[in-house]
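A look at the structure
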Amino acid sequence: MIVVAIDGPAGAGKSTIAKALAKKLNLRYLDTGAMYRAVTFAALNRNLDLSAESAIAEIASQCVMHIDDDSIFIDGVDATQAIRGQEVTRAVSVVATNSLVRTELRGRQRQWVSEHGGGVVEGRDIGSVVFPDATLKVYLTASPMVRAKRRVAQSGGDVELIAAEIAERDQRDSSRSDSPLMKTSDSVTVDTSDIPVDEVVDHIERLVVAQQHTKQASN
Ligand code: DC
């Protein structure tokens, strides 16, 4: 079973690259950030206080979540657009510090991969915690200004303001005690600041193939 873990900070190009890579490798793609966003969306809809840890964890454990490449539904509600909105984007890193939520979503992510026979999985803790034995672990990064400009190109806004928000989110994602964003010693770091998407995808595809050959040879 092939599992490619793609971790890295916001705006590093994870979604674009992971989707294109999945297509090339004929694997499914899972955006785990969308799962944290969907739980946040449901919590905001219920007017829950974000510090209400068990109430939010209950959503993560009880909800029915359908996720595919282009959409996400939570308890029958199409949350695809709303999870990209400012309200959810501002609140999600607080929900992502909730260990009970993380445990629930980790279980769902492992189940999804086993049901789909592998996949390209993007997030923050995929190579470090969710799939420590992934076929290949990639840590994608890009300079803070490049990342902010990409977000502005996607969703508009002021570059300086977006850069400040990204920095705050990075700080929260990297400093939380439960499964923080980190580079593992066995991951390959790819800086996407100045490399076109298709070159990054080709490069990672070659690494996956090489890794499979190494694993096959050692079996
Ligand atoms: O990748 P994204 O911006 O959609 O992620 C949304 C938030 O969820 C972000 O604050 C990081 C967090 N996240 C996480 O903690 N662990 C993951 N595996 C994926 C996302």
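Everything here concerns the structure above.
I will try to describe carefully the structure that is included in this document. The model shown is predicted, which means the values in this text are computed figures rather than measured ones.

1. A short note on the site of the ligand
- The immediate surroundings of the ligand are formed by 16 residues, with Arg 37, Arg 102, Arg 124, Asp 125 and Arg 176 found nearest.
- Note that an oxygen atom of the ligand is positioned 2.9 Å from one of the side-chain N or O atoms of Arg 176.
- Broken down by secondary-structure element, the contributors of at least two residues to the shell around the ligand are helix H2 (32-45), helix H4 (86-95) and helix H8 (159-175).
- Per element, the largest residue contribution to the shell around the ligand is 4 residues, and it comes from H2.
- Looking at side-chain class alone, the shell around the ligand contains 4 nonpolar, 4 polar and 8 charged residues.

2. As for the side chain of Asp 31
- You can see Asp 31 is positioned in strand S2 (residues 29-31).
- A polar contact of 3.1 Å, which involves the side chain of Asp 31, links it to the backbone nitrogen of Gly 33.
- A polar side-chain atom of Asp 31 sits 3.1 Å from a polar atom in the side chain of Arg 84.
- Apart from the residues within four sequence positions on either side, Asp 31 is in contact with Ile 67, Arg 84 and Glu 122.

3. A word on H4
- Among the residues making up H4, those that are buried are Val 88, Thr 89, Ala 91, Val 92, Ser 93 and Val 95.
- Contacts from the buried residues of H4 go to H2, helix H3 (53-62), helix H5 (99-115) and H8.

Basis of the calculations
Residues numbered from 1 in each chain as written. Predicted model: local features only at pLDDT ≥ 70, side-chain atom pairs only at ≥ 80, totals over all residues. Heavy atoms only, no water. Near = heavy atom within 4 Å. Polar contact = N/O pair within 3.5 Å; in protein donor to acceptor, adjacent residues only side chain to side chain. Helix = DSSP H or I, 4+ residues; strand = E, 2+ residues; numbered from the N terminus. Nonpolar A, V, L, I, M, F, W, Y, C, P; charged D, E, K, R; others polar. Contact = heavy atoms within 4.5 Å. Buried < 20%, exposed > 50% of the residue type's maximum accessible area, 1.4 Å probe, protein only.

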